[in-house]
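Survey of secondary and tertiary structure
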Amino acid sequence: MNMKMIAIIQARMSSSRLPGKVLMPLAGKPVLEHVASRIQACKTISEVVVATSTDQTDDVIQSWCESKAVSCYRGSLKDVLDRYYQTAKYYQADAVVRITADCPVIDPTIVDDVVNGYLAGGYEFYGLAGEFPNGLDCTIFAFTALERAWREAMLPSEREHVGPYIEKHPELFKSGGLYKFAGLFHHRWTLDEPRDYEFLQAIFARLYREETPFLATEVLALLEKEPDLININSQIVRDEGFLKSLVEDIKANNSLEALKQSKGVALYQRAKSLIPGGTQLLSKRPEMFAPEVWPSYYSKAKGCRVWDLDGREFIDMSIMAVGACILGYADDEVDDAVINALRKGVNSSLNCPEEVELAEALIELHPWFGMVRYARSGGEAMGLAVRIARAHTRRDIVLFSGYHGWMDWYLAANLADSAGLDGQLMPGLEPNGVPRSLIGTAIPFDANSIDSLREKIKGKEKQIAAIVIEPARGENAPPGYLQALRELAAEIGAVLLFDEITTGFRMCAGGIHRNYGIYPDMAVFAKSMANGYAMSVVMGTEKVMQAAQTTFISSTNWTERLGPAAALATLRKYQRVGAEKHLIETGNRVKQIWQTVSEAEGLEINVTGLPTLAAFAFNNPNATALDTRYTIEMLQRGFLGFRQFKPSLAHQASDIDKYQIAVKEVFGLLAKDPTASLLDTPIHHSGFQRLTKE
Ligand SMILES: Cc1ncc(COP(=O)(O)O)c(C=O)c1O
């Protein structure tokens, strides 16, 4: 029996971004005419049908079809799956090639290849796959698959688009794909926006000929010769219409009421009666994001996604485990190394060899250091480092700026003057429980101000054990500042200690100070060094670190094996793939989205921070309420959204495309009502803000 393979070109005039696009002229002919004649040039297709809607606005499409003797079928405007199914049924197709009328560069030879692949493999669903230019899209559905999808698909995105239900169920439909291209994801040869039209006009002006359709290979050759053409429209989000309907699906499941009643919100109420403060880390308290709405707990995390206790999936566009999971959640390579180590025993009476291997790898990366000591969290490693610095110098006073954890040496700054840490972290932070005898041992100075430091040092030069800073807090330090610190520390004989717990691994492997070329006497890493596993390290010059032998620093759990195994695997992967490039590009793209979308929507925000420690702030007296509403609206669209974003290697361009759509919707809502009036839950708490800038 001969298979009846028809091509259905979906076409409508009511495109929201570019109304009437399918009849816009290119080289003197309507876009639809180019598409139809290109598909008619296919050798594998028996009939070409234009499927448009019964909406009056689409009468012109029917008229055009009649004038060109092209078959036309009219069906639902919104339920495109139904329109396709009815068209296929009417024309008694065995299989349908799905083509869209906004792709005037569709290549008939590629369509033929896809059809042949479909036939050869006996598939029910087959299409062009991988990173091909947007505009060459071509998928084939068996009529039986289309019929089943038509019967079973329920979600708005599955009705508005033909493929999603079938694509999501490879267990129901024999599926496959033809991989022909790589690395061309952001090429746009389709027509969605005026910039696309500009691009296509440029292409047609150079390549169009009457006799035969120009092919994809010719377009690629042209773009190689004139690469600037790609930039005309490469910034536009791919498949925006589809991504929007995915966001709509999520909204249906994530209503504010449903979020408020989630298992996580209820569990957090229990936690607060069992655990003082509810969590172990202030920055993970739900009150910091959206009280009574934030999902609070996760059941699973993978890549850049987390699932709450009700199984709702969120893309994490917030703090990514406070920066710990730089490669993404549950990275396979790191987890495999950990599982391997775990199976060999996580602890014993002997030590694990990974400690030594890791020390060598870290020192190779930071050759100005000679020795290391390990701990398992950032704060305790800072305590350990300060102890070593004091032991080495035999002095007591630490001068610091920035945030360095919860320990006594640091909070002692608030003993003398309860506002002492105000410039550094939460105003009024209580040093209760810190011995009063530590008064005067920790003195804050203004971040990035060498003058403030000099002022505080005056008269105490010979008592200063260490100068402790974060080498970048949010932004790069001002020019000359780190060098001046280096010189001043040497001059007074104090240890210069860089706390790289937040900055480490964000802009390069190891310390950000590698990029600056300023070498401290000690540095501390935690967080991202082991991709979320408990691990921290104090590194220092041999001379300083030997002082660890003159005091007592020792802990059983610092000898476990998983932390070093995870750190080694993280470091290896980070270096092998050159993770910083992706982290920086992703962070820059998100900053650009915040900036351009807020400008387009008329919402005033300030965007700050290194690309990998990016933040925005609403420039509005109701900023805290707006933050909270932003977070709630983003949760409803399937994102953990926050005013900070820490990119990971797992964030893909398609995740950010989807995020861009949600941000556009939410900034639009906030711009329309930049007050708290739409918020019926409490606003977030603003504690623990680094007042030195985020
Ligand atoms: C710069 C800096 N120092 C110290 C710490 C404390 O580290 P941990 O939370 O692992 O104890 C942090 C945590 O945010 C930090 O950012």
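Residues numbered from 1 in each chain as written. Predicted model: local features only at pLDDT ≥ 70, side-chain atom pairs only at ≥ 80, totals over all residues.

**Considering the domain arrangement of the protein chain**
Convention followed: Reported domain spans reflect what an automatic or database domain assignment gives. Residues are treated as contacting if the C-beta atoms built from their backbones sit within 7 Å of each other. Each residue receives one of three labels: charged for Asp, Glu, Lys and Arg, nonpolar for Ala, Val, Leu, Ile, Met, Phe, Trp, Tyr, Cys and Pro, and polar for the others, Gly being one of them.
Taken domain by domain, the protein chain consists of domain 1 (5-236), domain 2 (245-329 + 579-672) and domain 3 (347-560). A C-alpha centroid distance of 35 Å is found between domain 1 and domain 2. The interface of domain 1 with domain 2 comprises six residues on the first partner and five residues on the second. Of the residues belonging to the side of domain 1 that touches domain 2, the class tally is three nonpolar, two polar and one charged.

**Some words on the pairing of strand S12 (residues 313-317)**
How we decide: Residues are called buried when their C-beta atom has 20 or more other C-beta atoms within 10 Å, exposed when it has 12 or fewer, and partly exposed otherwise; all C-beta atoms are positioned from the backbone. The secondary structure listing takes helices from DSSP runs of H or I that are at least 4 residues long and strands from runs of E that are at least 2 residues long, numbered from the N terminus. Two strands pair under a simple rule: DSSP has to find at least two bridges between them.
Counting buried positions along S12 gives four out of five residues, so the element sits mostly inside the fold. Here strand S11 (residues 305-307) runs beside S12; their pairing, made up of three bridges, is antiparallel. Bridge pairing in S12 places Val 306 opposite Phe 314. Between S11 and S12, which pair antiparallel and follow one another directly, the connecting turn spans five residues, one of which, Gly 311, has a positive phi of 85 degrees. Sheet topology note: the S12/strand S24 (residues 639-641) ladder contains three bridges and is parallel. Within S24, the residue paired with Met 317 across the bridge is Gly 641.

**Points about the site of the ligand**
Rules: By definition, a residue lies near a molecule or strand provided its backbone-derived C-beta atom is within 6 Å of it.
The full set close to the ligand counts 14 residues, and Gly 378, Gly 379, Gly 405, Ile 501 and Thr 502 are the nearest of them. The dominant element in the shell around the ligand, judged by the number of residues it contributes, is helix H16 (residues 378-393), at three residues. A breakdown of the residues in the shell around the ligand according to their chemical character gives five nonpolar, seven polar and two charged.

**Quick word on the sheet that holds strand S15 (residues 442-444)**
Spelled out, the test is: Between the N-to-C directions of two axes lies an angle of 0 to 180 degrees, each axis being a line fitted to C-alpha atoms and, for a helix, fitted only over the stretch in contact.
If you trace the seven strands from one edge of the open sheet to the other, you get S13-S21-S20-S19-S16-S14-S15, paired in mixed fashion. In the strand order of this sheet, the two ends are held by strand S13 (371-375) and S15, each with one partner. Within this sheet the neighbouring strands show an average axis-to-axis angle of 20 degrees, counted without direction. In this structure, strand S14 (residues 397-400) lies alongside S15, joined through three bridges in parallel fashion. Looking across to S15, one finds that Phe 400 is bridged to Pro 444.

**Section: the sheet that holds strand S8 (residues 139-142)**
Pairing within the open sheet is mixed, and its seven strands lie in the order S5-S4-S1-S6-S8-S7-S9. Single-partner strands in this sheet number two, and they are strand S5 (71-75) and strand S9 (175-181). When strand polarity is set aside, the average angle formed by the axes of neighbouring strands in this sheet is 30 degrees. Alignment of strand S7 (residues 125-130) against S8, held across three bridges, turns out to be antiparallel. Paired with Phe 125 across the two strands is Phe 141, which belongs to S8. Across the sheet, helix H3 (residues 80-90) lies against strand S1 (5-10), strand S4 (47-53), S5 and strand S6 (95-100), angled at about 135 degrees from S5, the strand it touches most.

**Thoughts on helix H14 (residues 332-343)**
Rules: The span expected for a helix works out to 1.5 Å for each residue beyond the first. Note: the arc covers the axis-to-C-beta directions of the helix.
Its twelve residues place the ends of H14 16 Å apart at the C-alpha level, agreeing with the 16 Å of an ideal helix rising 1.5 Å per residue. Of the positions making up H14, those classed as buried are Val 334, Ala 337, Val 338 and Ala 341. When H14 is viewed along its axis, its buried side chains cluster within an angular range of 95 degrees and face the same direction. Residues Asp 336, Ile 339, Asn 340 and Arg 343 are exposed on H14 and point more than 90 degrees away from its buried face. For H14, the secondary structure elements touched by its buried residues are helix H23 (562-577).

**Notes on the environment of Leu 172**
The topology assignment puts Leu 172 in the loop between helix H7 (164-168) and S9. As for Leu 172 and Ala 145, which are separated by 27 residues in sequence, their C-alpha atoms are 8.6 Å apart.

**Focus on the environment of Val 247**
Of note, Val 247 is situated in helix H11 (residues 240-253). With 19 C-beta atoms counted inside 10 Å, the residue Val 247 sits in the partly exposed group. In this structure, the C-alpha to C-alpha distance between Val 247 and Leu 191, residues 56 residues apart in sequence, is 22 Å. Once residues within four sequence positions are removed from consideration, Val 247 is found in contact with Arg 637, Gly 638, Ile 661 and Ala 662.

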